Amino acid sequence: MTDTDITRVDLRRHGFGPAPDATALRERDGLTRIPTPFGPSAWLLTRHADVRTLLGDADAFANGWTAEDIGSARDPRQLSGDRTGNLLSLDPPDHTRLRRMLTPEFTVRRMRRLEPRIVEIVDDHLDALERHGPPGDLVATFALPIPSLVICELLGVPAADQDEFQERTAKQLDTTLPEPERVALAAEALAYMQDLVARARRDPGEDLIGMLIREHSDDMTDAELVGVANLLLVAGHETTSNMLALGTLALLRHPDQLALVRDEPDAVSGAVEELLRWLSIVNSGSPRLARRDVEIDGVTIRRGDLVSFSLPAANRDPAVADDPERLDVTRRTTNHVAFGHGVHHCLGAPLARMEMRVAFPALLRRFPDLRLAVADDDVEWATHRAIHGLVRLPVTW
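We now turn to the structure provided with this report. From a predicted model like this one, the values you see are computed outputs, not experimental measurements.

Reading guide: rules and limits
- Throughout, residues of each chain are indexed from 1 in the direction in which the sequence is written.
- Only residues with pLDDT of at least 70 are given local features in this predicted model, and only at 80 or more are side-chain atom pairs given and counted; all residues enter the totals for whole chains, interfaces and linings.
- To get the side-chain values, take all heavy atoms of the structure and skip hydrogens and water.
- DSSP-based pairing: two strands are paired if at least 2 bridges between them are found.
- Here a helix means four or more residues in a row that DSSP labels H or I, a strand means two or more in a row labelled E, and each is numbered from the N terminus.
- Throughout this description, buried means an accessible area under 20% of the type-specific maximum (1.4 Å probe, protein chains only), exposed means over 50%, and partly exposed covers the range between.
- Throughout, an axis means a line fitted to C-alpha atoms (over the contacting stretch in the case of helices), and angles, computed between N-to-C directions, take values from 0 to 180 degrees.
- Any angle that falls under 35 degrees is termed roughly parallel, while one over 145 is termed roughly antiparallel, one within 65 to 115 roughly perpendicular, and all others oblique.
- The contact criterion used throughout is that any non-hydrogen atoms of two residues lie within 4.5 Å.
- Throughout this entry, Asp, Glu, Lys and Arg are counted as charged residues, while Ala, Val, Leu, Ile, Met, Phe, Trp, Tyr, Cys and Pro are counted as nonpolar. The remaining residues, Gly among them, count as polar.
- To define a nonpolar core, start from buried Ala, Val, Leu, Ile, Met, Phe, Trp, Tyr and Cys residues and group those joined through side-chain atoms within 4.5 Å.
- Only one rule defines a salt bridge in this text: a Lys or Arg side-chain nitrogen within 4 Å of an Asp or Glu carboxyl oxygen.

1. Considering the sheet that holds strand S10 (residues 394-396)
Phase 1: Here we have three strands laid out as an open sheet, ordered S4-S10-S9, and antiparallel in their pairing. Of all the strands in the sheet, just strand S4 (136-137) and strand S9 (371-372) have a single pairing partner and so form its edges.

2. Topic: the pairing of strand S8 (residues 306-309)
Phase 1: Here S8 shows two buried faces, one formed by Leu-306 and Ser-308 and the other by Val-307 and Phe-309.
Phase 2: For strand S2 (residues 42-45) and S8, the ladder comprises four bridges, and the chain directions are parallel. In the strand pairing of S8, Leu-44 is matched with Ser-308.
Phase 3: Where strand S5 (residues 288-290) lies against S8, two bridges are found, and the strand directions are antiparallel. By the bridge assignment for S8, Leu-289 is matched with Leu-306.

3. Some points on the packing of helix H10 (residues 222-252) against helix H12 (residues 268-279)
Phase 1: Two numbers describe how H10 lies on H12: the axes approach to 11 Å, and their chain directions differ by 95°. In this view, H10 runs roughly perpendicular relative to H12, as classed from their interaxial angle. Touching Met-243, Leu-246, Gly-247, Ala-250 and Leu-251 of H10 are Leu-275, Leu-276, Trp-278 and Leu-279, all from H12.
Phase 2: Taken together, the residues of the contact of H10 with H12 sort by class into eight nonpolar, one polar and no charged.

4. Some details on the side chain of Gln-257
Phase 1: Mapped onto the elements, Gln-257 comes out in helix H11 (residues 255-263).
Phase 2: When near neighbours in sequence (up to four residues on either side) are disregarded, Gln-257 contacts Leu-251, Leu-327, Asp-328 and Val-329.

5. Overview of the nonpolar core
Most often, soluble globular proteins have nonpolar side chains that are buried together.
Phase 1: Of all hydrophobic cores here, the largest spans 89 residues; its most connected members are Val-122, Ile-209, Leu-279 and Leu-390.
Phase 2: Looking at this core, the element that brings in the most residues is H10, giving 15 residues.
Phase 3: Sequence-distant contacts of Val-122, that is, excluding residues within four places in its chain, are made with Phe-142, Ile-146, Val-358, Ala-359 and Ala-362.

6. A closer look at the environment of Val-226
Phase 1: Take Val-226: it is sitting in helix H10.
Phase 2: Given the relative accessible area of 4%, Val-226 is considered buried.
Phase 3: Once the C-alpha coordinates of Val-226 and Ala-189 are considered, the two residues, 37 residues apart in sequence, prove to be 9.9 Å apart.
Phase 4: With residues up to four places along the chain from it excluded, the contact list for Val-226 reads Leu-190, Met-193, Gln-194 and Val-197.

7. A word on the side chain of Ser-308
Phase 1: Locating Ser-308 in the fold gives a position in strand S8.
Phase 2: If near-sequence neighbours (up to four positions away) are discounted, Ser-308 is found in contact with Trp-43, Leu-44, Leu-45, Leu-54 and Ser-284.

8. Structural notes on the pattern of salt bridges
Phase 1: Scanning the model with the defined rule gives 28 salt bridges in all.
Phase 2: Of the charged contacts, one joins Glu-164 and Arg-168 as a salt bridge, the two residues approaching to 3.4 Å between their closest N and O atoms. Highlighted residues: Glu-164 and Arg-168, both in helix H7 (residues 162-172), separated by four residues, approximately one helical turn.

Structure below.
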């Protein structure tokens with residue numbers, strides 16, 4: 001392979017694992033150039049060590065590039081709207097400044113304070129599911145509303161707005177929608193968040209936005225506050241909701257693993273990490289722009305090259321774990337990249353872990369006979385969404 005070869009790689013996923021093309025690339029060359037929808041090609045990395053090298057070096061690989069930097073007429077990342085305040089599109093020092101203000105609100109200690117409320121929210125939804133009786137759609141009644149309610153309460157989003165927010169976010173992440181429609185949805189989301197921030201400026205509450213206004217009013221512009229809140233609102237529910245749905249399906253298909261999560265409290269934390277590794281619902285992140293020549297796997301990535309990466313392929317690299325294709329909730333893998341790595345490691349990881357540690361065992365204990373209400377082949381995968389998941393998960397008990 002030379003650095004001018006272009007390979008067409010199908011990165012669509014059709015099950016729990018990585019896209020087959022990504023797995024084949026990891027086992028063959030590790031990286032290759034792939035076409036992009038916006039002009040220049042990009043390097044695709046698939047091996048765990050290579051992905052960690054990329055994500056761990058913010059000096060060599062930039063997030064805050066523009067279409068002009070790559071000689072393109074368009075930057076598809078603009079589909080998410082104005083990137084001001086969006087930590088995923090920023091580099092130090094701006095990224096460092098904003099993240100430093102947010103980090104205290106997402107420590108493990110702070111998450112423990114939230115645990116009683118998370119337990120209450122989970123129990124309320126299980127009560128409603130039990131009252132409704134079987135069958136039920138676990139996505140609509142459990143996996144989606146729980147993290148949505150948690151992040152909305154954390155940010156101060158009124159309960160009356162939550163259904164509209166969920167519907168809009170789902171559409172924004174639908175890659176089959178025409179680009180103008182997704183741009184319009186991003187503008188709607190931005191306008192909503194601008195109104196929410198304006199209200200919080202007038203009367204700051206005890207939520208995260210109110211805290212940022214009270215403690216960092218002089219250090220954060222309204223545009224940055226809107227961008228931060230918008231990112232947290234979307235990322236804070238869409239990722240965890242897909243993990244809850246896919247994780248439940250994975251456990252239903254591995255009854256021995258399910259029994260451990262249900263019956264062994266000490267097994268739950270390790271099970272969450274293994275599910276994160278094995279499922280890797282976030283396929284990638286924003287492509288990086290090489291600031292200088294960097295050699296990876298014997299290939300020189302040139303200054304100005306775009307670099308993308310496959311988190312699912314990296315997390316099933318044999319270098320990460322023995323027999324990585326096998327789900328094993330007793331495994332102790334701590335170096336997966338499901339939450340990313342380096343300065344852009346997911347800020348909300350402690351919250352996501354807390355929600356999953358509460359929700360999985362609570363669901364399985366409440367409904368010990370939980371099972372699919374459809375044939376395995378009839379489970380509908382959300383292959384059209386930017387975050388891997390399920391459209392519905394019909395269950396009975």
